[in-house]
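The lines below spell out each chain.
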Amino acid sequence: MALLASTSKLASGARPVAASRRTAVRVQATSRVDRYSKNDIIVSPSILSADFAKLGDEVRAIDQAGCEWVHIDVMDGRFVPNITIGPLIVEALRPVTDKVLDCHLMIVEPELRVADFAKAGADIISVHAEQSSTIHLHRVVNQVRTRAAAAARALARAQSQSQTQSGYRIKDLGVKAGVVLNPGTPLSTIEYVLDQVDLVLIMSVNPGFGGQSFIESQVAKIRELKKLCLEKGVNPWIEVDGGVTPANAWKVIDAGANALVAGSAVFKAPSYRDAINGIKASKKPVAAAVA
Ligand SMILES: O=C(CO)[C@@H](O)[C@H](O)COP(=O)(O)O
Ligand SMILES: [Co+2]
């Protein structure tokens, strides 16, 4: 696991991001994502619904409340109508939690930004399959995978040469590549990248905002995706994003999803822990007995 941990902490000075660049970072033998089993249900709270005035505290709170991943919605005001988070925020959050930083890129030309998010400490980088985001889906997916491979080679070199001292930065080791489908985008769009990705994210709302209602038609899409994966002999994470709550999570779990994003259902709940546990334990309601 962690081969080297820096003894230096971020000072509460004016330039914490720059300071973190100069100090050593944790070097991991495996990706953070690989700590989790695909047989379990992962909850990835979307920080879009967090209180941005105290983002670090909010991320610490969901970490302590038992989430596995932290979902980061990156929006550019072009692919979607909203503007949110960039790599600087990802870099600022990296020292706050050792949980998976699950970055959902809702941007035009993600190929221009993959390196920045990888360097910032993203563990998963997911790009939209729609051509209004990228013209070259296969290329950008492989760009993420190439970074992971390069980081793995750098780690091997560092280990063999005992170069894990301060200043040797391998923050992006094991970046996983995800592909995202909007509710209106057919599964066929990703057929020829399915063997290239670590994760498929099915949007169960139209992207752009938190707090929208779950689109029921996406349950069938998740079921169909699970079937397609079995037919092709691949096993990516199947993540669902939008309108997921303790009341409806069972539907997507039953259809084959194993990573559930939840923004408002966690951050607007009185207890983050109860909301996360409620999503994991979500069950189909038992029909009321007819008298
Ligand atoms: O990517 C998006 C929206 O574009 C999501 O990640 C939302 O942020 C999820 O929020 P809720 O629907 O769970 O409130
Ligand atoms: Co999202």
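Residues numbered from 1 in each chain as written. Chains lettered and ligands numbered in written order. Predicted model: local features only at pLDDT ≥ 70, side-chain atom pairs only at ≥ 80, totals over all residues.

- The protein chain carries the name ribulose-phosphate 3-epimerase in an unreviewed UniProt entry, which gives Monoraphidium neglectum as its organism.
- The heading Catalytic activity (unreviewed entry) in the UniProt record of the protein chain holds the text "D-ribulose 5-phosphate = D-xylulose 5-phosphate".
- As recorded by UniProt, the Sequence similarities (unreviewed entry) comment attached to the protein chain reads in full: "Belongs to the ribulose-phosphate 3-epimerase family." (UniProt positions renumbered as here; feature names shortened; annotations may be inferred.)

Focus: the site of ligand 1
Point 1. Neighbouring ligand 1 are 23 residues; Ser46, Pro207, Gly210, Gly263 and Ser264 lie closest to it.
Point 2. Secondary structure elements with two or more residues in the shell around ligand 1: strand 4 (69–75), strand 5 (100–106), strand 10 (259–262) and helix 8 (264–267).
Point 3. Residue composition of the shell around ligand 1, grouped by class: nine nonpolar, twelve polar and two charged. (Near = placed C-beta within 6 Å. Helix = DSSP H or I, 4+ residues; strand = E, 2+ residues; numbered from the N terminus. Nonpolar A, V, L, I, M, F, W, Y, C, P; charged D, E, K, R; others polar.)

Some remarks on the sheet that holds strand 8 (residues 199–203)
Point 1. Read from one edge of the open sheet, eight strands run 3-10-9-8-7-6-5-4, paired in parallel fashion. Each end of this open sheet is capped by a strand with a single partner; those strands are strand 3 (42–45) and strand 4. Taking each pair of neighbouring strands and ignoring which way they run, the sheet shows an average axis angle of 25 degrees.
Point 2. Pairing between strand 3 and strand 10: four bridges, direction parallel. Note that in strand 10 the partner of Ile42 across the bridge is Ala259. (Pairing = 2+ DSSP bridges. Axes fitted to C-alpha atoms, helices over the stretch in contact; angles between N-to-C directions.)

Some details on the pairing of strand 4
Each regular strand shows side chains that alternate between the opposite faces of the sheet.
Point 1. Summarising burial for strand 4: seven of the seven residues are buried, a large majority.
Point 2. The side-chain alternation of strand 4 yields two buried faces, one formed by Trp69, His71, Asp73 and Met75 and the other by Val70, Ile72 and Val74.
Point 3. Judged from the seven bridges that link them, strand 4 and strand 5 form a sheet pairing that is parallel. Paired with Val74 across the bridge in strand 5 is Leu105.
Point 4. Read from strand 4 through helix 3 (residues 87–93) to strand 5, the crossover connection turns out right-handed. (Buried ≥ 20, exposed ≤ 12 C-beta atoms within 10 Å, placed from the backbone. Right-handed = clockwise from strand over helix to strand, strands pointing away.)

Here's the deal with the pairing of strand 9 (residues 237–241)
Point 1. Of all five residues making up strand 9, five are buried, and the element is well covered by its neighbours.
Point 2. Of the two faces of strand 9, the one holding Trp237, Glu239 and Asp241 and the one holding Ile238 and Val240 are both buried throughout.
Point 3. Examined bridge by bridge, strand 8 and strand 9 share five bridges and lie parallel to one another. Within the sheet, the bridge partner assigned to Leu199 lies in strand 9 and is Trp237.
Point 4. Each parallel crossover has a hand, and for strand 8 linked through helix 6 (residues 218–232) to strand 9 it is right-handed.

Considerations on helix 9 (residues 272–280)
Point 1. The set of residues buried in helix 9 consists of Tyr272, Ala275, Ile276 and Ile279. Seen end-on, helix 9 carries its buried residues on one side only, within an arc spanning 95 degrees.
Point 2. Looking at the packing, one finds that the buried side of helix 9 touches strand 3, helix 2 (55–64), helix 7 (249–255), strand 10 and helix 8. (Arc of directions from axis to C-beta. Contact = placed C-beta atoms within 7 Å.)

Some remarks on the nonpolar core
In summary, soluble globular proteins display a tendency toward joint burial of nonpolar side chains.
Point 1. Formed by 73 residues in total, the largest nonpolar core has its most connected members in Cys103, Ala122, Ile125, Val252 and Leu260.
Point 2. Contact partners of Ala122, with chain neighbours within four places excluded, come to Val90, Leu101, Cys103, Phe117 and Val175. (Core = buried A, V, L, I, M, F, W, Y, C linked by C-beta atoms within 7 Å.)

Focus on helix 2
Point 1. Residues of helix 2 that are buried include every one of Glu58, Val59 and Ile62, and no others. One face of helix 2 carries all of its buried residues, which in axial projection span an arc of 95 degrees. For helix 2, the exposed residues set more than 90 degrees away from the buried face come down to Gly56, Asp57 and Gln64.
Point 2. Elements that come into contact with the buried residues of helix 2 comprise strand 3, strand 4, helix 3, helix 8 and helix 9.
Point 3. Phi turns positive, to about 105 degrees, at Gly66, one or two residues after helix 2.

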